[in-house]
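Coordinates in review
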Amino acid sequence: MKPTSVVPELYVRHGRAAVDFYLRAFGAVVDYQVGGTDDNPSVVCQLSVDGAPFWVSDEAPDQGNHSPESLGGATARVLLVVDDPDAVVGRAVASGAALVNPVSDEHGWRLGRVRDPYGHQWEVGRPLGPWPPEHGEPG
């Protein structure tokens, strides 16, 4: 039996362009995709970064699924844990993300934050030591 997992699904405008951005910015790969063609432009796609899955779908306001662009901001952010946050943040910015916070060491992490072109915020980082800390507090 597989362990329980939580996998985000990001609603966006312009799903095909968003999939392309995540491929370039984070080195994601497409695991599964419905649509996203000239005949069926609306996309539902499972992507993964080094085996960590997430979904991207065109927003569907009639079903209550709104993108950050429609809402005027995101309601959550995604934490992408990688070996080299400096390189990933740099690649994301070069691919069109906006830098929200530069990469720095804080709260036991090497961490930076970007906002992708579709309004989702991504914290990109790695813990600087064993995580979670032994006593549940930063060192």
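Below is a summary of the structure that appears in this document. (Residues numbered from 1 in each chain as written. Predicted model: local features only at pLDDT ≥ 70, side-chain atom pairs only at ≥ 80, totals over all residues. Heavy atoms only, no water.)

**Points about the overall build of the protein**
When its secondary structure is counted, the protein shows 3 helices and 8 strands. Mapped in sequence order, the helices and strands of the protein form the string β-α-β-β-β-α-β-α-β-β-β. The C-alpha radius of gyration of the protein comes to 16 Å, within 12% of the 14 Å expected for a compact globule of 139 residues. Residues classed as buried in the protein amount to 37% of the 139 residues present. (Helix = DSSP H or I, 4+ residues; strand = E, 2+ residues; numbered from the N terminus. Rg over C-alpha atoms; globule rule 2.2 N^0.38 Å. Buried < 20%, exposed > 50% of the residue type's maximum accessible area, 1.4 Å probe, protein only.)

**Remarks on the sheet that holds strand β2 (residues 29-35)**
Across the sheet, which stays open at both edges, the 4 strands sit in the order β1-β4-β3-β2 with mixed pairing between neighbours. Of all the strands in the sheet, just β1 (9-12) and β2 have a single pairing partner and so form its edges. Put simply, the sheet's adjacent strands are angled 20 degrees from each other on average, direction ignored. Pairing of β2 with strand β3 (residues 43-49), which is carried by 6 bridges, proceeds in the antiparallel orientation. The residue bridging valine 30 from the neighbouring strand is leucine 47, located in β3. (Pairing = 2+ DSSP bridges. Axes fitted to C-alpha atoms, helices over the stretch in contact; angles between N-to-C directions.)

**Quick word on the nonpolar core**
Here is a general trend for soluble globular proteins: nonpolar side chains tend to be buried in one another's company. The biggest cluster of nonpolar side chains holds 27 residues, and the ones touching the most others in it are Tyr22, Phe26, Phe54 and Trp122. Of all the secondary-structure elements, those providing two or more residues to this core are β1, α1 (15-26), β3, β4 (52-58), β5 (77-81), α3 (85-94) and β8 (121-127). At 6 residues, α1 tops the list of elements feeding residues into this core. Sequence-distant contacts of tyrosine 22, defined by excluding residues within four places in its chain, comprise Leu10, Val12, Gly27, Ala28, Leu47, Phe54, Val56, Asp116, Tyr118, His120 and Trp122. (Core = buried A, V, L, I, M, F, W, Y, C linked by side-chain atoms within 4.5 Å. Contact = heavy atoms within 4.5 Å.)

**Regarding the pairing of β5**
Consecutive side chains of a regular strand alternate in pointing toward one face of the sheet and then the other. On β5, burial follows the alternation: Val78 and Leu80 on one face are buried, whereas Arg77, Leu79 and Val81 on the facing-out side are not. Sheet analysis places β5 next to β8, joined by 5 bridges and oriented parallel. Looking at the pairing, arginine 77 lines up with glutamine 121 of β8.

**Things to note about α3**
Listing the buried residues of α3 in full gives Pro85, Val88, Val89 and Ala92. The buried residues of α3 occupy an angular sector of 100 degrees when the element is viewed end-on, so they sit on one face. Those residues of α3 that are buried are in contact with α1, β5, β6 (98-106), β7 (109-115) and β8. (Arc of directions from axis to C-beta.)

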